[in-house]
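# Examining the three-dimensional arrangement
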Amino acid sequence: MSFTVAIDGPAAAGKGTISRAVAGRFGLAHLDTGLLYRAVGKRVLAGAAAIDAARRLTPDDLSADDLRTPDVAQAASKVAAIPEVRAALVDFQRAFARRSGGAVLDGRDIGTVICPEAEVKLFVTASPEVRAERRLKELRDGGHDTDYETVLADVRQRDARDTGRADAPLRAAEDAIVIDTSAMDIDTAVAAAIAHVSRKY
Ligand code: C5P
């Protein structure tokens with residue numbers, strides 16, 4: 001059986017938690033596609049050329065340490081605007097989506113570009129302020145010393161880059177179900193996502 005759940009949305013909207021919960025509940029494999037762009041971004045910060053780094057990416061690169069830092073996130077959103085980088089990462093994502101047993105992929109363009117035929121498409125979003133609060137907590141819990149204004153500026157800058165780029169901009173697919181988590185706790189958001197997937201699974 002091939003059953004694909006596409007979960008898109010901006011940074012820190014709750015996509016990661018929701019994707020892991022949906023994958024766990026339905027026994028699906030999960031790919032956080034942001035890690036692909038982060039792994040390329042990390043290589044670029046170390047001096048590599050972006051397109052070359054994308055073409056050479058291996059699954060092992062996705063489990064590298066320190067892909068979750070703000071610097072790597074910024075580098076990721078820059079390399080993600082390069083069409084050749086995106087093109088180099090398409091096959092890996094589509095092959096993952098076709099895994100027997102089904103898969104959840106989360107990112108920015110899964111429902112629109114990578115898996116337009118996905119059985120379920122969710123667009124998980126929240127206000128920039130709420131997302132910045134959540135990201136600030138995550139970063140502090142992870143030992144990063146930062147403040148709300150810095151994180152909010154980072155969120156806004158990545159939003160602008162991700163929605164403004166010409167190739168595969170961040171947007172909800174026409175047939176996506178929008179879950180706005182601004183005023184929801186994470187358990188409610190997860191329950192809503194699972195209810196939507198249950199209708200199709
Ligand atoms: O989701 P995450 O914050 O890890 O993604 C890092 C960056 O990678 C995003 O800001 C975005 O620019 C890029 N990205 C993308 N398409 C995806 C997943 C991530 O352009 N499917």
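Numbering of residues starts from 1 in each chain and follows the order in which that chain's sequence is written. Local features in this predicted model are restricted to residues of pLDDT 70 or higher, and side-chain atom pairs are both shown and tallied only at a pLDDT of 80 or more, whereas totals for entire chains, interfaces and linings draw on every residue. The basis for every side-chain value is the complete set of heavy atoms in the structure, and neither hydrogens nor water enter the calculation.

Our focus in this paragraph is the site of the ligand. The criterion for a residue being near a molecule or strand is simple. One of its heavy atoms has to lie within 4 Å of it. Close contacts around the ligand come from 14 residues, with Arg38, Arg86, Arg108, Arg158 and Asp162 the closest. Between N or O atoms, a polar contact is any pair within 3.5 Å; within protein, one atom must be a potential hydrogen donor and the other a potential acceptor, and residues adjacent in sequence are included only when both atoms are from side chains. Between the ligand and Asp109 there is a distance of 2.9 Å, counted from a nitrogen atom to a side-chain nitrogen or oxygen. In the environment of the ligand, an oxygen atom lies 2.8 Å from a nitrogen or oxygen atom belonging to the side chain of Arg158. Computed with the Shrake-Rupley method and a 1.4 Å probe, the accessible areas treat only the protein chains shown as cover for residues. With the chains in place, 97% of the 450 Å² that the ligand exposes on its own is no longer accessible. Put simply, the grid is 1 Å and covers the protein atoms alone, a cavity is a trapped set of points that fit a 1.4 Å probe, a pocket is an open set with protein on both sides within 12 Å along at least five of seven lines, and lining residues have an atom within 4 Å of a point. The way we define it, a molecule is inside a pocket or cavity when more than half of its atoms are within 2 Å of that pocket's grid points. Comparing atom positions with the cavity grids shows the ligand to sit within the largest pocket. Going through the elements one at a time, helix H2 (34-45), helix H4 (70-79) and helix H8 (148-164) are the ones with two or more residues in the shell around the ligand. Ranked by residue count, the leading element in the shell around the ligand is H2, at three residues. Residue polarity follows a fixed list, in which Ala, Val, Leu, Ile, Met, Phe, Trp, Tyr, Cys and Pro are nonpolar, Asp, Glu, Lys and Arg are charged, and the others, Gly among them, are polar. Partitioned by chemical class, the residues of the shell around the ligand number three nonpolar, four polar and seven charged. The way it works is that DSSP assigns letters per residue, a run of H or I at least four long becomes a helix, a run of E at least two long becomes a strand, and they are numbered from the N terminus.

Our focus in this paragraph is the sheet that holds strand E3 (residues 103-107). Taken in spatial order, the five strands of this open sheet run E2-E3-E1-E4-E5, and their pairing is parallel. Pairing within the sheet leaves two strands with one partner each, and these edge strands are strand E2 (29-32) and strand E5 (177-180). With strand direction ignored, the average angle separating the axes of adjacent strands in the sheet is 20 degrees. Every residue pair with non-hydrogen atoms within 4.5 Å of one another is taken to be in contact. The axes are straight lines fitted to the C-alpha atoms, using for helices just the contacting stretch, and the angles between their N-to-C directions are given from 0 to 180°. Sheet strands in contact with helix H1 (residues 15-26) are strand E1 (4-8), E2, E3 and strand E4 (120-125), and its direction is about 175 degrees off that of E3. With respect to the sheet, helix H5 (residues 83-97) is in contact with E1, E2 and E3, its orientation differing from that of E3 by roughly 145 degrees. Here, any two strands with at least 2 DSSP bridges between them count as paired.

Attention now moves to the UniProt feature "domain: Cytidylate kinase" (unreviewed entry) in the protein. If you check UniProt for "domain: Cytidylate kinase" (unreviewed entry), the listed places come out as residues 5-46 and 64-197 in our numbering. The straight-line gap between the two end C-alpha atoms of residues 5-46 is 34 Å; of that span, 57% is helix and 19% is strand. UniProt positions are given in the numbering used here, feature names are shortened, and annotations may be inferred rather than shown by experiment.

Helix span, as expected, comes to 1.5 Å for every residue beyond the first. In this model H2 runs 16 Å from its N-terminal to its C-terminal C-alpha over 12 residues, within 8% of the 16 Å that 1.5 Å per residue would give. Against E2, helix H3 (50-55), H4, H5, helix H7 (128-141) and H8 lie the buried residues of H2. Phi for Gly47, located one or two positions after H2, is positive at around 110 degrees.

For the rest of this paragraph, the subject is the packing of aromatic side chains. A pair of aromatic rings is counted whenever rings of Phe, Tyr or Trp (Trp by its six-membered ring) have centres within 6.5 Å, and the orientation is called stacked for planes under 30 degrees apart, edge-to-face for over 60 and tilted otherwise. Enumeration according to the criterion identifies two aromatic pairs in this entry. Ring centres 4.9 Å apart and planes at 80 degrees place the aromatic pair Phe3 and Tyr201 in the edge-to-face group. Of this pair, Phe3 sits in the segment before E1 while Tyr201 sits in the segment after helix H9 (186-200), and the two are 198 residues apart along the sequence. Judged by its relative accessible area of 4%, Phe3 falls in the buried class. The structure contains a cluster of three or more aromatic residues connected by ring pairs, namely Phe3, Phe26 and Tyr201. In this scheme, Lys NZ or Arg CZ marks a charge over a ring once it lies within 6 Å of the ring centre and within 35 degrees of the ring normal. Here the guanidinium or amino end of Arg25 rests over the ring plane of Phe26, the centre of that ring lying 4.8 Å away. One cation-aromatic arrangement involves Arg99 over Phe96; the distance from NZ or CZ to the ring centre is 4.4 Å. Working definition: with a 1.4 Å probe on protein chains only, accessible area under 20% of the residue-type maximum means buried, over 50% means exposed, and in between means partly exposed.

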